[in-house]
Amino acid sequence: MLGASGATRRGTRPALRGPVLLILGLLLALSAGVADAYLHRGIETSSSPPYVAHVSGRGLATNIDLRDFPESQIETVAATIRANGFQFVRHPFIWSEIESVEGEFDWERYDAIVRSFSDAGVEIVAVVYGTPTWARLPEHVGFNDAPPADPLQFAEFTGIVAERYRQYIRFFQVGDQPNNPGNWGGISATGTEYLAVLAPTFNSIRSENPDARVILAELDPRGNSSAIGEDLRFLESIYRSGGSPYFDVVAAMIDGGTASPFDRRISSATPSLSRAVLFRELLLEYGDDQKPVWFTHYGWDGLSAVSRQTQADYLLAGIERIREEWPWAGLAFQWALRPDTVDPEDAGKALLNSDGTATLAFNSVVGLVDQGIGTIAPTGFVPTDAGPISYSGAWASQHLAGRELQTTSQTGANLSIAFEGTGVVAYLRRSPDVGMIHATVNGEPLPGWPEQDGKAQIDLRFYQAQDITVTLVAGLENGNHEVVLELASPGNLTFGGVVVSRDPPLRWPVVLAMVSALAMTSFAVWDIMLYLSRYSKTLRTSDDQESTPRLPSMPDWRPSLRT
């Protein structure tokens, strides 16, 4: 009995050990997968193409409306905005104000606004909307806004705006929240209906200014529903309707709600910074991976959702996360500069109080200028006219395939790129006429390149002209760096911007968990197979009672003791 009981114990423990280890291994692998998705979803490093083609730098930006200011103050306000570090403003251009009577245009107020921002060095994103009464269908007259009865009329008007301000405005946003019933004659537009306005308007803008860029309308997260998520559904309907060729930038309204910018949970129905990842994933799903996403409203409510101090902290942390982790994210426009320019329910998201004094959030945001925002490039593509790129010598602009290039034939002319990351890829032109390029990073020769006089030599001579990408440097310590390119011999140097890369963030806890799960699962499978082999008698072991035949018993051969 003792032998049978012992055999039972020896057989039972291995039978349970394998399945238990297998379950534990699978649970550990599942946990590691969930942790990886939570920690790293949406993170990109720009380490390999295709690269998101940003059409602007990524300095400070805000929403502002100067129409309520006296003309005598507009110039001062614009200069003050720039003095506080803002490089971009998103400003309404209302069709019904400019052309209240068909064929009669009143540009006075808008001319003053455009001139003042231009003089101050602030770029305008013109948000064009507001169908005048004469251009609406009769049943839409009573609403705040409505679609034009003839989309070609809106397209023609926007083309006139683009032509008039060609030297001053290169960004045009077509419409405002068309999925909000109040902005579409009392009913929510469909993607197809909005596209009927967007497509001819895009063509009209580009015909007047080939260098202009068209931003998709900002979409209301709720639309005609009480639940959040209608913006993503509407964006998808635009793609399904074939709208991708008619815009250069996707717009997203990003309300942080009560969620911390460090909260990486993602839900289409919950306000948070992380919700922006869903816009990127939708673009990837439809193969539109080179378009940037602009946050045309970005912020937290410092009155009803979080405290003023928390609002200030979240705005800074959110911008830091955007710049480090999301090379696909472009400009992030602060929700509002002044509370009287937004709905009362959003007044707490403004950077100024109602009396014009600064909030904690305002002081924190403008403090980013001292930390290099606008002058130090984050992860992702950096166009040739962005603030982090500076030029010395004689350079000329070239426009090719919708991109702006910079070229020089002056020996000794150079450019420098200030960036935060671990590497840089440059768009350069190789050709028979190219000169020798000298390059340094942080004052030292680029590693891996031939050197002369303490500088790396880049030889791009080739039998035909081609625009290519060249990895200048990689594997640097993550931090602030400067790369300098100099035309060192007779010839030319043509430059199309750079891509700043950043090595993936440390993932050792997830990797360790996955390795442990793999080892545990492998051992469990081996143990189960071993047990099954024993059970089926295909493998003989010392534990098998029948594996060795019994020897016959021998008679007692020992002699008896003498007495």
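Scroll up for the structure.
Remember, it's a predicted structure, so these values are computed and weren't measured experimentally.

Procedures and definitions
- Residues numbered from 1 in each chain as written.
- Predicted model: local features only at pLDDT ≥ 70, side-chain atom pairs only at ≥ 80, totals over all residues.
- Heavy atoms only, no water.
- Helix = DSSP H or I, 4+ residues; strand = E, 2+ residues; numbered from the N terminus.
- Expected span 1.5 Å × (residues − 1).
- Contact = heavy atoms within 4.5 Å.
- Pairing = 2+ DSSP bridges.
- Axes fitted to C-alpha atoms, helices over the stretch in contact; angles between N-to-C directions.
- Core = buried A, V, L, I, M, F, W, Y, C linked by side-chain atoms within 4.5 Å.
- Buried < 20%, exposed > 50% of the residue type's maximum accessible area, 1.4 Å probe, protein only.
- Phe/Tyr/Trp six-rings, centres within 6.5 Å; stacked < 30°, edge-to-face > 60°.
- Parallel < 35°, antiparallel > 145°, perpendicular 65-115°, else oblique.
- Left-handed = near helix turned anticlockwise from the far one by under 90°.
- Nonpolar A, V, L, I, M, F, W, Y, C, P; charged D, E, K, R; others polar.

Attention now goes to helix α4 (residues 108-120). Spanning 13 residues, α4 covers 19 Å between terminal C-alpha atoms, matching the ideal 18 Å at 1.5 Å per step. Buried residues along α4 sit in contact with α2 (71-83), β2 (86-94), α3 (95-98) and β3 (123-129). Of the residues trailing α4, G121 is marked for its positive phi of about 80°.

Spatial strand order, β5-β4-β3-β2-β1-β8-β7-β6: eight strands in an open sheet with parallel pairing. Of all strands in the sheet, those with a lone pairing partner are β5 (213-215) and β6 (250-255), marking the two edges. Neighbour-to-neighbour, the strand axes of the sheet open up by a mean angle of 30°, direction not taken into account. Relative to strand β8 (residues 329-334), strand β1 (residues 60-63) is paired through two bridges, and the arrangement is parallel. Across the sheet, the residue bridging to T62 is Q334, located in β8. Its contacts with the sheet put helix α5 (residues 151-164) on β2, β3 and β4 (171-174), and the angle it makes with β3 is roughly 160°. Contacts between helix α8 (residues 276-285) and the sheet are confined to β6 and β7 (293-299), with β6 contributing the most and set at about 160° to the helix.

At the junction of P49 and P50, the peptide bond is cis and its omega measures out at 5° in the coordinates. Relative to the helices and strands, P50 is located in the loop between α1 (2-40) and β1. Residues other than glycine seldom take positive phi values, yet N442 does so here, at roughly 55°. Along the chain, N442 falls in the loop between β15 (437-441) and β16 (444-445). With a phi angle near 55°, D453 is a residue other than glycine that sits in the positive phi range.

With 88 residues, the main nonpolar core has F93, F117 and F295 as its most contacted residues. If you tally residues by element for this core, the top one is helix α6 (residues 191-208), at seven residues. Residues in contact with F117, not counting those within four places in the same chain, are I64, L66, A78, I81, V89, H91, V122 and I124. One finds A426, V441, L472 and V498 within the second-largest nonpolar core, a separate group that totals 31 residues.

Turning our attention to the packing of aromatic side chains. Enumeration according to the criterion identifies 21 aromatic pairs in this entry. Considering the side-chain rings of F93 and Y110, the 5.0 Å spacing of their centres and the 35° angle between planes classify their relative orientation as tilted. Remark: Y110 occurs in helix α4 and F93 occurs in strand β2; sequence separation between them is 17 residues. The two residues F93 and Y110 agree in class, both being buried. Here F171 and W294 contribute two aromatic rings whose centre-to-centre distance is 5.3 Å and whose plane-to-plane angle is 75°, an arrangement assigned as edge-to-face. In this pair, F171 sits in strand β4 while W294 sits in strand β7, placing the two residues 123 residues apart along the sequence. Here F171 matches W294 in class, with each residue buried.

Where α5 contacts α6, the axes come no closer than 8 Å and their chain directions differ by 30°. Judged by the angle between their axes, α5 and α6 are roughly parallel. Classified by chirality, the crossing of α6 by α5 is right-handed. When α5 is examined against α6, the residues P151, L152, F154, A155, E156, T158, G159, A162 and E163 are found in contact with a partner set consisting of A196, V197, P200, T201, S204, I205 and E208. When grouped by side-chain class, the residues that make up the contact of α5 with α6 number nine nonpolar, four polar and three charged.

By themselves, these observations are geometric and do not establish any function.
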